[in-house]
Amino acid sequence: ALELGCGSGRWTKILCQRYAEVDVVDASAALVEKVVRDCSSGDAVVRGHANLIEDFLEKPDRTWEHVYLSMLLEHVEDPVDILAKARTACDPDGSIFVAVPNASSLHRVIAHRAGLIGKIDELSANDLKVGHRRVYTLDLLKRHLSEAGFTISEEIPVGLKPITHEQMKILPDSVLWALCKCGDLVPNNSAYLVVRAKA
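None of these values were measured; they are calculated from a predicted model.

A.B. asks: So what exactly am I meant to see when it comes to the overall build of the protein here?
C.D. replies: Counting its regular elements, the protein contains nine helices and seven strands. Its C-alpha radius of gyration of 17 Å places the protein within 12% of the 16 Å reference for a compact globule of 199 residues. Considering only C-alpha atoms, the protein reaches an extent of 50 × 40 × 30 Å along its principal axes. Scored against the burial criterion, the 199 residues of the protein give a buried share of 42%. Long-range pairs, those at least 24 residues apart, make up 70% of the contacts in the protein between residues at least 6 apart in sequence. Split by element, the accessible area of the protein, about 10,800 Å² in all, is 54% carbon and sulfur.

Spelled out as structure tokens, the structure:
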């Protein structure tokens, strides 16, 4: 597997349980070093690449069965370019998995109806603080994948977020885990959009 953007490494740990080899790319050398160190105790071979994703994908020296972009596309300047380059990193019969925050998430719809935001895909102060350039609707995500040459093979609603992250901090872990598993209750208004696409 190839993971483009590793964040804190939580997802990397899961990938390392499912794959014999995991390559991780992130612009932060310190973050890549920490994630590789934290994930190297298992059976998977973990290789870190401190590089801009765009640069890493210019001439990858191999391809991967599965390529993961989790919580990345909302941050980048040109998501279609990133997706098109990620497509070349896929094996001929490989897949790409993309996860992005859902503009139609229950908490955003409630905020819109309450007059707190003008439209569901409006960038909030928190979005801007964490470097988001857009909030994805399913239509926008499908359009970007299509423009990059992908065909969506599966849509997976993930999580239920009725309130903001800050408000959710007071909830017990058992409730948070339950919310993580409840995207199927309101698939159009899940917290995150996750798609699997074929090149």
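A.B. asks: What is the right way to read the packing of aromatic side chains from this model?
C.D. replies: Centre distance and the angle of the planes are the two values used to describe a pair of aromatic rings. On inspection of all chains with the given rule, the structure shows four aromatic pairs. Seen in terms of ring centroids, Tyr19 and Tyr68 are 6.1 Å apart; in terms of plane orientation they differ by 75°. Their pairing is edge-to-face. Taken together, the residues span a long stretch of sequence, with Tyr19 in the loop between helix 1 (10–18) and strand 2 (21–26) and Tyr68 in strand 4 (residues 64–70) at a distance of 49 residues. An aromatic cluster of at least three residues, connected via ring pairs, comprises Trp11, Tyr19, Tyr68 and Phe97.

A.B. asks: Would you explain the sheet that holds strand 6 (residues 151–158) in this entry?
C.D. replies: Sheet architecture is open: seven strands sit in the order 3-2-1-4-5-7-6, paired in mixed fashion. One side of each edge strand has no neighbouring strand; the edge strands of this open sheet are strand 3 (45–50) and strand 6. In this sheet, neighbouring strand axes are inclined to one another by 15° on average, regardless of whether the strands run parallel or antiparallel. The pairing of strand 4 with strand 5 (residues 90–101) spans six bridges and is parallel. If you follow Leu69 over to strand 5, its bridge partner there is Val98. Each of strand 1 (2–4), strand 4 and strand 5 touches helix 4 (residues 79–88); the most contacted strand, strand 5, lies at about 150° to it.

A.B. asks: Can you help me understand the environment of Arg10 in this one?
C.D. replies: With respect to the element layout, Arg10 can be found in helix 1. With relative accessibility at 67%, the residue Arg10 sits in the exposed group.

A.B. asks: Please explain the nonpolar core as it appears in this structure.
C.D. replies: Soluble globular proteins tend to pack their nonpolar side chains together in the buried interior. Ranked by size, the top nonpolar core spans 30 residues in total, and within it Leu4, Val67, Leu69, Leu73, Ile96 and Val98 carry the most contacts. Going through the elements one at a time, strand 1, helix 3 (53–56), strand 4, helix 4, strand 5, helix 7 (138–147) and strand 7 (192–198) are the ones with two or more residues in this core. Apart from residues lying up to four places away in sequence, Val98 is in contact with Leu69, Leu73, Leu83, Leu141, Leu145, Leu193, Val194 and Val195. Of all hydrophobic cores here, the second largest spans 15 residues; its members include Cys16, Val22, Cys39 and Tyr68.

A.B. asks: Would you mind showing me how to read the pairing of strand 7 here?
C.D. replies: Residues in a regular strand point their side chains to alternate faces of the sheet. Note: strand 5 against strand 7, seven bridges, orientation antiparallel. Of the residues in strand 7, the one forming a bridge with Phe97 is Arg196. One ladder, built from seven bridges, connects strand 6 with strand 7; its direction is antiparallel. Across the sheet, the residue bridging to Glu155 is Val195, located in strand 7.

A.B. asks: Please explain the packing of helix 4 against helix 7 as it appears in this structure.
C.D. replies: The description of two packed helices rests on the angle between their axes and on the distance between the axes. Contact geometry for helix 4 and helix 7: axes closest at 8 Å, N-to-C directions at 50°. It follows from the interaxial angle that helix 4 and helix 7 lie oblique. As helix 4 runs across helix 7, the sense of the crossing is right-handed. Taken together, the residues of helix 7 that come into contact with helix 4 (itself represented by Pro79, Val80 and Leu83) are His144, Leu145 and Glu147.

A.B. asks: Would you explain unusual backbone geometry in this entry?
C.D. replies: Note: most peptide bonds trans; most residues except glycine with negative phi. In this structure, Met71 is a non-glycine residue whose phi angle is positive, near 55°. Relative accessible area serves as the criterion here: at 29%, Met71 is assigned to the partly exposed category.

Reading the values: the criteria
- Residues numbered from 1 in each chain as written.
- Predicted model: local features only at pLDDT ≥ 70, side-chain atom pairs only at ≥ 80, totals over all residues.
- Heavy atoms only, no water.
- Helix = DSSP H or I, 4+ residues; strand = E, 2+ residues; numbered from the N terminus.
- Rg over C-alpha atoms; globule rule 2.2 N^0.38 Å.
- Buried < 20%, exposed > 50% of the residue type's maximum accessible area, 1.4 Å probe, protein only.
- Contact = heavy atoms within 4.5 Å.
- Areas by Shrake-Rupley, 256 points an atom, 1.4 Å probe, with all protein chains shown as cover.
- Phe/Tyr/Trp six-rings, centres within 6.5 Å; stacked < 30°, edge-to-face > 60°.
- Pairing = 2+ DSSP bridges.
- Axes fitted to C-alpha atoms, helices over the stretch in contact; angles between N-to-C directions.
- Core = buried A, V, L, I, M, F, W, Y, C linked by side-chain atoms within 4.5 Å.
- Parallel < 35°, antiparallel > 145°, perpendicular 65-115°, else oblique.
- Left-handed = near helix turned anticlockwise from the far one by under 90°.

All we've got here are geometric facts, nothing functional implied.
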